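Chain by chain, the residues run as shown.
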Amino acid sequence: MSDALTGVDTASTPGALVKPTAHTAWVGYATIVRKEVTRIVRIWVQTLVPPAITMTLYFVIFGNLIGKRIGTMDGFNYMDFIVPGLIMMSVITNSYGNTVSSFFGAKFGKHVEEMLISPLPVVVILAGYVTGAVFRGVLVGLVVLGVSLFFTDLQVAHPLVTISVVLITAVIFALAGMVNAIFANKFDDISIIPTFVLTPLTYLGGVFYSISLLPEFWQKVSLANPILYMVNAFRYGILGVSDVSLTVAYSVSAIFVLVLGSVCLVLLKRGVGLRS
Amino acid sequence: MLALNVKNLEKTYENGTRALDGVSLTVEEGDFFALLGPNGAGKSTLIGIISSLVNPTAGDAEVFGISVERQRALAMCQLGLVPQEMNFNWFERPLDIVVNQAGYYGIPRAKAYDRAEELLGKLQLWEKRSVISRTLSGGMKRRLMIARAMIHQPRLLILDEPTAGVDIEIRRAMWEFIREINEQGTTVILTTHYLEEAEELCRNIAIIDHGEIVENTSVRELLTRLDIETFVMDVDKELDGPPQIEGYASRLRDPNSFEIEVPKNRALNRVFEHLDKQGVRVLSMRNKTNRLEELFMRLVEKPNE
């Protein structure tokens, strides 16, 4: 057996013992990413158009009409202030929505079994879906950024911070979406968390205001909201101002990546919601 | 070498259903093996464990000596599965479904396209490679799942009712394809409700019932156990009653046809001689049911039913 196991070209000789290698994992990962990207682009009317329309309305109503009466916030006019928050809101919603809908759809339609009976390790499956979700989150973020340029003349103060925060945030919410998809048994289950948890936390996470406006007690309560750190770190990247320390924001984000990533791997490895 | 070695597999689901009760089974490399059993017998659970979709409660399954539980990835490289349920993305194109599946096994895209072209061509799906899979007919969907399962050239192919709901013409074409891949060295395990399919294709057979293997032998050996065969004969004259021949039980179906039970140790010649004397000519003759079906029914028959 051990002789046969060595030196056999992967999946090339009919009838020969084939062995999964790092190359198998890489091709598998690229396949999942390609499949996800194709899906996102194919259904662009569902993935790209709605956030563009919604965010345009936010810019027109909150940024332009109401924003003019608000004046400045943290030294910036209100329109400029909310742009980072709205971009981040889009990234969060879309990266989460991509994994939860795509992976649950694969579970519901049972075509997740295509991957489950393959030699792909669960970490590759997870990485493929997360990359797809990050792609969608960033793509939608860029669309919203493009829309925002019609309303404001945006300058990026710290490009590296901006890029790193947006990528880390997309990863966090892609992983969170995966946890939701793993536990979901019906389509209702994939809308509960976004409706009752994600949306309130996003709105209360400093997208539309600086927490310095809040009474001290509510400022402290707000610090328990993880989205606050991501929104503010991103705002720091674009505008150079933040309600929270960048180090704390990165630390909180890293903890979330580690915890959610580990949870996903354990759940997938155990086959929760996937294997009987 | 054993293509499959199942050792004392047990499976009890969370709701308490005991699907497998110590199943042991071996399939030789190169075999064309039938796994039969009534609905709910445990076939799909057994296939689920072999393909790592179901976690066993106890026991182990080995594919070409590789443990599914301990070396899952390596074991899965040897295995192709055509499940009973349609489990591909109905919004994707057949070509993409097959090529993506190849990707999950590490097959580079260019090579995957070549193989997909060959397989889809052989299964008469190449013309449909770019349509939305949802629009394929039932038979085409089944063939697509076979192409997908074969894209990584597995050494063991498991087909869970691959011809269910497929018309006879397509079914026979699928038989030819599966027979061909078996002749090329792929071990095939087939579950089916069409017992003539198992009799036609398979060399060895296992019958599972209530989570236990109740029979495991060659099809030829099993058929020798059939001690009575029932034939239906169509004749050219209207009969008043069934032919009365000693040692043969018979029953009139209609004035121009009758059923006759022929014990294994007796010949059909006596029946023809008897009819000849009556001036009755036999126009056609056929088995009342498939021979394997008769045996299958006896093996899984419930005593109280």
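Look up: the structure comes first, before these words.
Residues numbered from 1 in each chain as written. Chains lettered and ligands numbered in written order. Predicted model: local features only at pLDDT ≥ 70, side-chain atom pairs only at ≥ 80, totals over all residues. Heavy atoms only, no water.

Thoughts on the overall build of chain B
Cut-off, in case you're wondering: What counts as a helix is a DSSP run of H or I of at least four residues, what counts as a strand is a run of E of at least two, and both are numbered from the N terminus. Accessible area is worked out with a 1.4 Å probe on protein chains only. A residue is then buried under 20% of its type maximum, exposed over 50%, and partly exposed in between. Under the convention used here, a 1.4 Å probe and the Shrake-Rupley method define accessible areas, while residue burial counts only the protein chains that appear. His residues and chain termini do not enter the charge count, which takes Lys and Arg as positive and Asp and Glu as negative. One atom stands in for each charge, and that atom is NZ of Lys, CZ of Arg, CG of Asp or CD of Glu.
Helix and strand counts for chain B stand at 10 helices and 14 strands. Its C-alpha atoms give chain B principal-axis dimensions of roughly 70 × 45 × 35 Å. In chain B, which comprises 305 residues, the share counted as buried stands at 53%. A total of about 13,700 Å² of accessible surface is found on chain B, and carbon and sulfur atoms cover 46% of it. Mean positive and mean negative side-chain charge positions of chain B (38 and 47 charges, respectively) differ by 4 Å.

Some words on the packing of aromatic side chains
Put simply, the rule is: Pairing of aromatic rings covers Phe, Tyr and Trp, the last through its six-membered ring, and needs centres within 6.5 Å; plane angles under 30 degrees mean stacked, over 60 mean edge-to-face, and all others mean tilted. Placement of a charge over a ring requires the Lys NZ or Arg CZ to be within 6 Å of the ring centre, with the centre-to-atom vector within 35 degrees of the ring normal.
Summed over all chains, the structure comprises 12 aromatic pairs over all chains. Judged by centre distance (5.6 Å) and plane angle (35°), the ring pair of tryptophan 26 of chain A and tyrosine 29 of chain A falls under tilted. Of the two residues, tryptophan 26 of chain A and tyrosine 29 of chain A are both situated in helix α2 (residues 22-42); the distance of three residues between them amounts to about one turn of the helix. Relative accessible area serves as the criterion here: at 21%, tyrosine 29 of chain A is assigned to the partly exposed category. Ring pairing ties together the aromatic residues Tyr58, Phe62, Tyr203 and Phe208 of chain A, which thus form one cluster. For the cation-ring pair, arginine 129 of chain B lies above tryptophan 126 of chain B, with the distance from its terminal atom to the ring centre recorded as 4.2 Å. Lying across the ring of phenylalanine 64 of chain B, arginine 155 of chain B places its NZ or CZ 3.9 Å from the centre.

Some words on the nonpolar core
Rule in force here: Here, nonpolar core means buried Ala, Val, Leu, Ile, Met, Phe, Trp, Tyr and Cys residues that are tied together by side-chain atoms lying within 4.5 Å of each other.
Formed by 159 residues in total, the largest nonpolar core has its most connected members in Leu86 and Phe103 of chain A together with Val6, Leu46, Ile50 and Ile146 of chain B. Tallying contributions element by element places helix α5 (residues 78-108) of chain A first for this core, with 16 residues. Membership of the second largest hydrophobic core comes to 13 residues, among which are Leu239, Phe258, Val271 and Leu275 of chain B.

Describing the packing of helix α7 (residues 122-148) of chain A against helix α8 (residues 159-183) of chain A
Residues and elements named next belong to chain A. Put simply, the rule reads: Only the contacting stretch of a helix is used when fitting its axis, a line to C-alpha atoms as for every element, and angles between N-to-C directions run 0 to 180 degrees. Any angle that falls under 35 degrees is termed roughly parallel, while one over 145 is termed roughly antiparallel, one within 65 to 115 roughly perpendicular, and all others oblique. Note on convention: the crossing is left-handed when the near helix lies turned anticlockwise from the far helix by less than a right angle, right-handed when the turn is clockwise. Contacts are assigned to residue pairs that have any heavy atoms within 4.5 Å of one another. Each residue is assigned to one of three groups, with Ala, Val, Leu, Ile, Met, Phe, Trp, Tyr, Cys and Pro labelled nonpolar, Asp, Glu, Lys and Arg labelled charged, and all others, Gly among them, labelled polar.
Contact geometry for α7 and α8: axes closest at 8 Å, N-to-C directions at 125°. In terms of orientation, α7 lies oblique with respect to α8. Where α7 crosses over α8, the handedness of that crossing is right-handed. Contact with α7, carried on its side by Leu126, Tyr129, Val130, Ala133, Val134 and Val138, involves Leu167, Ala170, Val171, Ala174, Leu175 and Met178 of α8 and no other residues of that element. Taken together, the residues of the contact of α7 with α8 sort by class into 12 nonpolar, no polar and no charged.

Side note on the environment of valine 41 of chain A
When you line up the elements, valine 41 of chain A lands in helix α2. The sequence separation of valine 41 of chain A and arginine 136 of chain A amounts to 95 residues, and the corresponding C-alpha distance is 9.0 Å.

Looking at the sheet that holds strand β11 (residues 228-235) of chain B
All names here are of chain B. Defined as follows: Strand pairing is defined by DSSP finding a minimum of two bridges between the two strands.
Taken in spatial order, the four strands of this open sheet run β12-β13-β11-β14, and their pairing is antiparallel. Across the chains shown, the open sheet's two edge strands, defined by having one partner strand only, are β12 (249-254) and β14 (282-287). Sheet twist, expressed as the average angle between the axes of neighbouring strands with direction ignored, equals 25°. Of the strand pairs in this sheet, β12 and strand β13 (residues 257-263) are connected by five bridges, and their pairing is antiparallel. The residue of β13 that forms the bridge with arginine 251 is glutamate 259.

Some words on helix α12 (residues 246-270) of chain A
Residue and element names in this part refer to chain A. What counts here: In a helix, the anticipated span is given by 1.5 Å times the number of residues less one.
With 25 residues, α12 should reach 36 Å at 1.5 Å per residue; the first-to-last C-alpha distance of 36 Å fits that figure. Of all the positions in α12, only Ala249, Val252, Ser253, Leu260, Gly261, Cys264, Leu267 and Leu268 are classed as buried. Residues of α12 that are buried sit in contact with α5, α7, α8 and α11 (226-239). Positive backbone phi, approximately 75°, marks glycine 271, located one or two places after α12.

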